Amino acid sequence: MTTLYERIGGAPAVKAAVDIFYGKVLADDRIAHFFDGVDMANQNAKQRAFLIMAFGGPNAYTGADMRRGHAHLVARGLNDGHFDAVVENLAATLTELGVPASDIAEVAKIAESVRDDVLGREPVAA
Ligand code: HEM
């Protein structure tokens, strides 16, 4: 049984998606300002880590890391609308790369699983 990460194309797909995704994020006035002053040398590694996690691939991050990694952004007002914008840009990137809608839906679900951690709040009861 192939994993979502493998189906999407594994590491080469991540590589292809990084530039498209990052270009979209930086062109998006809703969220570009969060990346002001972020170390560009680190950005590529960060984007890769982001995408591998979103594709359900092997990653070294936990929910606690996601809280720590975004706490300074929450302090700057990071909210659900910003999170939605990132997921939207990710879905648009994958659509451009020809990923089927069913797989994109699964990626969005994985992103949802870290929403409360990224936004620094306790999980809301379903
Ligand atoms: C599915 C949701 C998300 C995932 C999986 C994710 C993943 C990551 C990862 C792995 C890092 C690197 C952490 C580290 O090692 O330092 C990171 C940092 C970062 N994330 Fe996210 N992220 C998500 C949502 C967001 C959102 C919604 C925004 C803003 C709109 C955002 C903006 C940033 C920025 C600016 C950094 C770099 C911070 C810095 O270097 O100062 N992320 N993210």
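Here's a quick rundown of the structure. All residue numbers refer to position in the chain's written sequence, counted from 1. A pLDDT threshold of at least 70 governs which residues receive local features in this predicted model, and a stricter bar of 80 or more applies before side-chain atom pairs are shown or counted, although totals over entire chains, interfaces and linings include all residues. To obtain the side-chain values, all non-hydrogen atoms of the structure were used and water was disregarded.

Turning next to the layout of surface pockets. Taken as a whole, the largest pocket encloses approximately 710 Å³ of empty space. Of the grid points, spaced at 1 Å and generated over the protein atoms alone, those admitting a 1.4 Å probe that cannot get out make up cavities, while open sets with protein on both sides within 12 Å along at least five of seven lines make up pockets; any residue with an atom within 4 Å of a point is treated as lining. If you go around the largest pocket, you meet 31 residues; those closest to its centre are Lys46, Phe50, Met66, His70 and Leu73. A run of DSSP states H or I qualifies as a helix once it reaches four residues; a run of E qualifies as a strand once it reaches two. Both are numbered from the N-terminal end. Among the elements of the structure, helix H2 (10–26), helix H3 (40–54), helix H4 (63–74), helix H5 (80–96) and helix H6 (101–113) are those that each provide at least two residues to the lining of the largest pocket. Examining the composition of the lining of the largest pocket, we find that eight residues originate from one element, H3, more than from any other. Each residue gets one of three labels, nonpolar for Ala, Val, Leu, Ile, Met, Phe, Trp, Tyr, Cys and Pro, charged for Asp, Glu, Lys and Arg, and polar for the others, Gly among them. Its residues assigned to classes, the lining of the largest pocket comprises 23 nonpolar, six polar and two charged. Grid points are joined across faces, edges and corners, and a volume is the space filled by probe spheres set on the points.

Near the ligand you find 20 residues, and of these Lys46, Phe50, Tyr61, His70 and His72 are the closest. Between the ligand and Lys46 there is a distance of 3.2 Å, counted from a nitrogen atom to a side-chain nitrogen or oxygen. Polar contact criterion, stated in full: a pair of N or O atoms within 3.5 Å, where within protein one must be able to donate a hydrogen and the other to accept it, and residues adjacent in sequence count only if both atoms are side-chain atoms. At 2.8 Å, a side-chain N or O of His70 approaches a nitrogen atom of the ligand. Because more than half of its atoms lie within 2 Å of the grid, the ligand is assigned to the largest pocket. A cutoff of 4 Å decides nearness: a residue is near a molecule or strand if any of its heavy atoms lies inside that distance of it. Put plainly, a molecule is in a cavity or pocket when over half of its atoms are within 2 Å of the grid points there.

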